[in-house]
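# Structural description and commentary
Each chain is listed here by its residues.
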Amino acid sequence: MEVLKQRILQEGVVMSDQVLKLDGLLNHQIDPALTMEMGREFAARFRESGVTRVITVESSGIPVAFAAAHELGVPLVFARRKKTLLADPDAYCERVPSFTKGIVTDIMVSREYIHENDRILFIDDIIANGDAARGVIKIIERSGAELVGFGVVVEKCFQAGARTIREQGIPVEALVRIRSLNDGTVQFDDNEL
Ligand code: 5GP
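The structure presented is a predicted model; accordingly, all values stated were derived computationally and were not measured.

## Topic: the overall build of the protein
Along the backbone of the protein there are 6 helices and 10 strands. Taken over C-alpha atoms, the radius of gyration comes to 16 Å for the protein, in line with the 16 Å a tight globule of 193 residues would show. Along the three orthogonal principal directions, the C-alpha set of the protein runs to about 45 × 35 × 30 Å. Within the protein, the fraction of its 193 residues that count as buried is 35%. Contacts spanning at least 24 positions in sequence make up 61% of the contacts within the protein whose residues lie at least 6 apart.

What follows is the structure, given as structure tokens:
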């Protein structure tokens, strides 16, 4: 997605060879028009998959997942990161290490909002090692629903997450693929998968 590449070049901050700060676009400030465009792009890529629900993880996945769900005309469910006192005691729960926070968090989805006859599109902001995604995928598997695909705004190709998910046979669509962040520069990978 060309417009997104340009925005990443203008507003992204390379923090290290591993981490790209995208607070201006994804993780702190949201551009509603750009986010709706990303949602339309995901919807176009998965329109034929018979999606009945979109799922994401709070908080940075929510805006773009909302945009995709709105475009597809289906509900959006977001996995919550912490158990609250109001949480359903038999919700699906998985423990995932957090790439940016360096801690482990629990994500949970109530059984009320994911059913075995669902066809789920999973949308997230950025994939690195894939720990967060693997947690969500396990929850979908446990529910008996079908995961029809995974749409991610930014795939960092030099980390293994997206590759391992593709190897599981899950269709993965990235709006932008980053090959390297070496020497403080963002290098995109334009190879079609
Ligand atoms: P993973 O579980 O795939 O290792 O990491 C995924 C999560 O960590 C993403 O949802 C994202 O919020 C955060 N993350 C991973 N790498 C980066 C990065 O380079 N920049 C930012 N801003 N967040 C990242």
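## Overview of the packing of helix α3 (residues 32-46) against helix α4 (residues 62-72)
Axes are the key here: two packed helices are described by the angle between their axes and the distance separating the axes. In the contact formed by α3 and α4, the axes pass within 7 Å of each other and the chain directions differ by 55 degrees. Viewed along their axes, α3 and α4 adopt a mutual orientation that is oblique. For the element pair α3 and α4, the recorded crossing hand is right-handed. Mapping the contact onto sequence places T35, M36, M38, G39, R40, F42 and A43 in α3 and P63, V64, A67, A68, H70, E71 and L72 in α4. Looking at the contact of α3 with α4, its residues break down into 9 nonpolar, 3 polar and 2 charged.

## Brief notes about the UniProt feature "binding site: xanthine" (unreviewed entry) in the protein
With numbering matched to this structure, UniProt assigns "binding site: xanthine" (unreviewed entry) to L20, N27 and K156. Relative to the helices and strands, L20 is located in strand β2 (residues 20-21). For L20, a count of 19 C-beta atoms within 10 Å puts it in the partly exposed group. If we skip the residues at most four places from it in the chain, L20 touches G12, V14, M15, I178, L181 and V186. Mapped onto the secondary structure, N27 falls in helix α2 (residues 23-27). The partly exposed category is assigned to N27, around which 14 C-beta atoms lie within 10 Å.

## Notes on α3
The terminal C-alpha atoms of α3 lie 21 Å apart, and with 15 residues this matches the ideal 21 Å at 1.5 Å per residue to within 8%. Those residues of α3 that are buried are in contact with α1 (2-11), α4, β7 (119-127), β8 (146-156) and β9 (172-180).

## Considering the site of the ligand
Every one of the 19 residues lining the ligand counts as a neighbour, but F99, A128, N129, D131 and A132 are closest to it. Mapped onto the shell around the ligand, the elements with two or more residues apiece are β2, β7 and α5 (131-143). By residue class, the composition of the shell around the ligand is 9 nonpolar, 6 polar and 4 charged.

## Observations concerning the confidence of the model for the protein
Counting all residues, the mean pLDDT for the protein is 95, and 96% of those residues have values of 70 or more. Our summary of model confidence lists the complex with pTM equal to 0.96 and ipTM equal to 0.98.

## Brief notes about the UniProt feature "binding site: 5-phospho-alpha-D-ribose 1-diphosphate" (unreviewed entry) in the protein
In the UniProt entry, the feature "binding site: 5-phospho-alpha-D-ribose 1-diphosphate" (unreviewed entry) is given for A128, N129, G130, D131 and A132. Residues in contact with N129, not counting those within four places in the same chain, are F99, Q159, A160 and G161. Residue D131 is classed as partly exposed on the basis of its 16 C-beta neighbours within 10 Å. Among all residues touching D131, those that are not within four sequence positions of it are V96, P97 and F99.

Thresholds applied
Residues numbered from 1 in each chain as written. Predicted model: local features only at pLDDT ≥ 70, side-chain atom pairs only at ≥ 80, totals over all residues. Helix = DSSP H or I, 4+ residues; strand = E, 2+ residues; numbered from the N terminus. Rg over C-alpha atoms; globule rule 2.2 N^0.38 Å. Buried ≥ 20, exposed ≤ 12 C-beta atoms within 10 Å, placed from the backbone. Contact = placed C-beta atoms within 7 Å. Axes fitted to C-alpha atoms, helices over the stretch in contact; angles between N-to-C directions. Parallel < 35°, antiparallel > 145°, perpendicular 65-115°, else oblique. Left-handed = near helix turned anticlockwise from the far one by under 90°. Nonpolar A, V, L, I, M, F, W, Y, C, P; charged D, E, K, R; others polar. UniProt positions renumbered as here; feature names shortened; annotations may be inferred. Expected span 1.5 Å × (residues − 1). Near = placed C-beta within 6 Å. pLDDT = per-residue confidence, 0-100.

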